[in-house]
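# Results of the structural survey
Okay, here's what each chain looks like letter by letter:
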Amino acid sequence: MKRTSASARLVLRFVGRFFAVSAAVLIILLVGIQFARAIDQNVAMAHELSSVQSDIVALQHRRAQQRRELIRLQDPDGAVPEIHDRLRLVRPNETMIFVSPAPAASP
């Protein structure tokens, strides 16, 4: 009888250790998955932040160009070329000459 109880204890000890190791591996696996998700979210947010920052720089550049154009158009001397180009209007005693590109030379 002592032999059966000794072998039963060994089996129970083995089963207990197996479940303990399985539980530890499962916990480590779950923690690893959570870290992987967090890292993936951080990488996605970094890409999005980079995209937003480049959009901000582009918009600031466009705003500066529009501001320069606004200042130029507020000045009468700066508005005249724009009037000529867009509206095709001229001052009295002015003439607008349209130049078309020369046709391609045929061999």
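Moving on, we come to the overall build of the chain. Scanning the chain from terminus to terminus reveals two helices and zero strands. A compact globule built from 107 residues should have a C-alpha radius of gyration of about 13 Å, whereas the chain, at 39 Å, is more than 25% larger. Counting only C-alpha atoms and orienting by the principal axes, one finds that the chain spans roughly 125 × 50 × 15 Å. Across the 107 residues of the chain, 5% fall into the buried class. In the structure as shown, the chain presents an accessible area of about 10,200 Å², 65% of it carried by carbon and sulfur atoms.

If you walk through the whole model with that rule in mind, you get two salt bridges. With its nearest N and O atoms 3.3 Å apart, the salt bridge here joins arginine 72 to glutamate 82. Placement of the pair is arginine 72 in helix H1 (residues 2-74) and glutamate 82 in helix H2 (residues 76-87), with a sequence separation of ten residues. Glutamate 82 is the salt-bridge partner of arginine 86, the closest N and O atoms lying 2.6 Å from each other. With arginine 86 and glutamate 82 both in helix H2 and four residues apart, the pair spans about one turn of that helix. Exposure remark for arginine 86: the relative accessible area of 60% places this residue in the exposed category. Since its relative accessible area comes to 17%, glutamate 82 is described here as buried. A single network of salt bridges, built from pairs that share partners, joins Arg72, Glu82 and Arg86.

Moving on, we get to the packing of aromatic side chains. Inspection of every chain in the model, using the stated rule, returns one aromatic pair. On the numbers, 5.8 Å between centres and 65° between planes, the contact of phenylalanine 18 with phenylalanine 19 is edge-to-face.

This part takes up a nonpolar patch on the surface. Together, Val11, Phe14, Val15, Phe18 and Phe19 give the surface a local cluster of nonpolar side chains, amounting to about 530 Å² of exposed area. Among the residues examined, phenylalanine 18 registers a relative accessible area of 49% and is labelled partly exposed.

Relative to the elements of secondary structure, isoleucine 33 occurs in helix H1. Residue classification places isoleucine 33 among the partly exposed positions, given a relative accessible area of 41%. Note: C-alpha distance between isoleucine 33 and serine 5 (28 residues apart in sequence) is 41 Å.

It is worth spelling out the side chain of glutamate 82 at this point. Polar side-chain contacts of glutamate 82 include one of 2.6 Å to the side chain of arginine 86. With residues up to four places along the chain from it excluded, the contact list for glutamate 82 reads Arg72, Leu73 and Leu87.

Our focus in this paragraph is H2. Along H2, the residues that are buried comprise Gly78, Ala79, Val80, Glu82 and His84. Within two residues after H2, arginine 88 carries a phi angle of roughly 55°, on the positive side.

Reading guide: rules and limits
- Residues numbered from 1 in each chain as written.
- Predicted model: local features only at pLDDT ≥ 70, side-chain atom pairs only at ≥ 80, totals over all residues.
- Heavy atoms only, no water.
- Helix = DSSP H or I, 4+ residues; strand = E, 2+ residues; numbered from the N terminus.
- Rg over C-alpha atoms; globule rule 2.2 N^0.38 Å.
- Buried < 20%, exposed > 50% of the residue type's maximum accessible area, 1.4 Å probe, protein only.
- Areas by Shrake-Rupley, 256 points an atom, 1.4 Å probe, with all protein chains shown as cover.
- Salt bridge = Lys/Arg side-chain N within 4 Å of Asp/Glu carboxyl O.
- Phe/Tyr/Trp six-rings, centres within 6.5 Å; stacked < 30°, edge-to-face > 60°.
- Patch = residues over 30% accessible without salt bridge, like charges linked within 9 Å, V, L, I, M, F, W, Y side chains within 5 Å.
- Polar contact = N/O pair within 3.5 Å; in protein donor to acceptor, adjacent residues only side chain to side chain.
- Contact = heavy atoms within 4.5 Å.

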